[in-house]
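Residue strings, one per chain:
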Amino acid sequence: MHMQRVCKVILALAIIGLLSAPALGEAGEPDTATTAPAEVSSDISNPAPAPAETAAHTKLEELIRTRLSQLVDRKPEQAAVEAFYRERSYQPIWSANGVALPRTRAAVEYLGKVAVEGLDPRDYPTPDFSRDMNGQTAAVNDLQLTASILKYARQASAGRVSFTRVSGAILYPAHAADPAQVLTQVSSAENVADVLASFEPQHPGFKALKAQLAKELGAPETQKAASQLQTSNKHRQAENQHRRSDITGTLIANMERWRWLPRDLGNAYVVVNVPDYSLSVTDKGKQIWRTRIVVGKPGEMATPLLSETMKYLTINPTWNVPPSIIRNEYLPALERDPDALERIGLKVSHNRDGSVRVYQPPGDRNALGRIRFNFPNPFLVYQHDTPNKHLFAQDKRALSHGCMRVQSPEQYAEVLLSLSQPNEGYTPARIRSLYGDEERMINLKNPIPVHVTYQTAFVDQIGQLNLRQDIYGLDAAVLKLMRGGERLIADTPIPRNYTSSSKPVVARLPSRPAREYREDYGWNNGGGWNNGGGWSYGRRWDSGRGADSYAAYPSSGGRYIDRAISNW
């Protein structure tokens, strides 16, 4: 019995020794060694924020709540910033634990080199990320860089200068980069420089000017003045003027106007270059046709800049005389000669409301020629044929009232119809066979975008830089806004009223009572002139012109009706 107890004691001691052996073998290690792995695992799965990072979160939230409007100047961008940071629990996007992230250096370097895009790096200030930052500094730096990124994206995509500040005769669709999308892209992209570059125009015309500007900025001053430009003889004078002036400024002004244009010009589209007096058609990125045009005279009759859609052609168009021409040209002529209208082929008809319509029926003498190309727009301008073919031989062709006269209308119609409805077999001969005394409409089954542009600098198909005279002074206007006292607000649009209202034509001639003219011709002092349908004339647009329409005849000018017709 005693021996059994002894054995049990020995066995118990042995078991105790075995259980304690690992601990004894790890003599000198901390008592917590057996629990450390569990604690490390917990830290990896849910790391505790570093003090600097926690402070940055808190400071960002506080800054956004109290000072956001001081750092971000546009309300849509303020709303986007607030929503973006709130969604990510106010975590900075440009630093972590007080240290700048790799994307930050790329963004700062990119903004410092935007001069090659025709922009000023001073407009996009960047904070100093070169040192370790405490929470307050990291938060302020984050918002400052975010604000500059948003400002750059907006101006690179839509314009450093708002076209509304340049002229009321410019109207392009809005297409500024969406600030929420900008923040998402720059915070998630592997290459932030590529994202920033995507906001500038991707058009080949813009990229070609950008390459030219880079050459100018990188060339010594003596070489800039002696830039070798090859242009045709007819443009040599304009070239020499540009050589004596600021070629760099010309490139910058033209790049700025590219930013106004829609990002997607269309698969097939028409481009009018006003100072080049040319019209071209592009399909699938390749220019397929080109012709000469006549554009509006400088001043109130300048051709407007716009993007609209060609919807239909009018064969044998009727010219509905705009009220401004009636008021300024025809009423004085009728005072001298009551038969003047009939003698030159103009007609007067009564509308249902008692007003009258003055028009020129279709024919060889019609001011619009045989074809009118219609892309409805607020300025009431269009493209058309003309009986005055001799004008296309002139080098300077700013001669119209705002509309664009086309040198080869039948070929132009063929090109448009071949793009819109290629299976219908329209040819110039077939189009000419439609000429007659009745208006005919041909709807484009696939409407074609029309972009009226102003390019005093462009690179042609062989890679040569071409310069044109600034006939409307738009280069100077753009550069003044970009460089002058208004530069800080230059990209802020100003209101423009592009809606219309009627304006009556009052027939008050001194040699005959107004009552007689109302009886003879049906003029209605209260109701104004009505064109009787079709193309809409006689509307006042707040385009900075002070005329009834962009294509209206001026308040002063020629005295005779035939001059009014020949100049239309």
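Only a predicted model underlies this, so the values are computations on that prediction, with no experimental measurement involved. (Residues numbered from 1 in each chain as written. Predicted model: local features only at pLDDT ≥ 70, side-chain atom pairs only at ≥ 80, totals over all residues. Heavy atoms only, no water.)

Visitor: Please clarify how the overall build of the chain should be interpreted in this entry.
Guide: Tallying secondary structure elements over the chain gives 21 helices and 17 strands in all. Looking at the chain residue by residue over its 568 residues, the buried ones come to 49%. Once local pairs closer than 6 in sequence are excluded, the contacts in the chain between residues at least 24 apart make up 73%. (Helix = DSSP H or I, 4+ residues; strand = E, 2+ residues; numbered from the N terminus. Buried < 20%, exposed > 50% of the residue type's maximum accessible area, 1.4 Å probe, protein only. Contact = heavy atoms within 4.5 Å.)

Visitor: Would you explain the packing of helix α5 (residues 75-87) against helix α7 (residues 135-158) in this entry?
Guide: The description of two helices packed together rests on the angle between their axes and the distance between the axes. Running from N to C, α5 and α7 point in directions that differ by 130°, and their axes come no closer than 11 Å. Between α5 and α7, the interaxial angle falls into the category oblique. When you trace α5 past α7, the crossing you get is right-handed. Along the contact surface, α5 presents Glu 77, Val 81 and Tyr 85, while α7 presents Asp 142, Leu 143, Thr 146, Leu 150 and Arg 154. Across the contact of α5 with α7, the residue classes break down as four nonpolar, one polar and three charged. (Axes fitted to C-alpha atoms, helices over the stretch in contact; angles between N-to-C directions. Parallel < 35°, antiparallel > 145°, perpendicular 65-115°, else oblique. Left-handed = near helix turned anticlockwise from the far one by under 90°. Nonpolar A, V, L, I, M, F, W, Y, C, P; charged D, E, K, R; others polar.)

Visitor: Any chance you could explain the packing of helix α6 (residues 102-111) against α7 here in plain terms?
Guide: Contact geometry for α6 and α7: axes closest at 11 Å, N-to-C directions at 50°. On the basis of their axis angle, the class for α6 and α7 is oblique. Judged by the twist between their axes, the crossing of α6 over α7 is left-handed. Contacts from Thr 104, Ala 107, Val 108, Tyr 110 and Leu 111 in α6 reach Leu 145, Ser 148, Ile 149 and Tyr 152 in α7. Residues that form the contact of α6 with α7 fall into these classes: seven nonpolar, two polar and no charged.

Visitor: How should I be thinking about the pattern of salt bridges in this particular structure?
Guide: Oppositely charged side chains are able to pair whenever their charged atoms sit close together. Scanning the model with the defined rule gives 20 salt bridges in all. A salt bridge links Arg 259 to Glu 256, with the shortest nitrogen-to-oxygen separation between them at 2.8 Å. Taken as a pair, Arg 259 and Glu 256 lie in helix α14 (residues 247-260) at a separation of three residues, close to a single helical turn. The same class applies to Arg 259 and to Glu 256, which are both buried. A salt bridge links Asp 283 to Lys 284; the nearest nitrogen and oxygen atoms lie 3.6 Å apart. By sharing partners, the salt bridges in this structure join Asp 73, Arg 74, Glu 77, Arg 154 and Asp 491 into a single network. (Salt bridge = Lys/Arg side-chain N within 4 Å of Asp/Glu carboxyl O.)

Visitor: How should I be thinking about the packing of aromatic side chains in this particular structure?
Guide: Taken as a whole, this structure holds eight aromatic pairs when the rule is applied. Arranged with centres 5.4 Å apart and planes meeting at 85°, the rings of Phe 84 and Tyr 85 form a pair that is edge-to-face. Of the two residues, Phe 84 and Tyr 85, both sit in the buried class. Measuring from ring centre to ring centre gives 5.7 Å for Tyr 124 and Tyr 152, while their planes differ by 90°; the resulting arrangement is edge-to-face. With Tyr 124 in the loop between α6 and α7 and Tyr 152 in helix α7, this pair connects stretches of sequence that are 28 residues apart. For the pair Tyr 124 and Tyr 152, a shared accessibility class is recorded, and that class is buried. (Phe/Tyr/Trp six-rings, centres within 6.5 Å; stacked < 30°, edge-to-face > 60°.)

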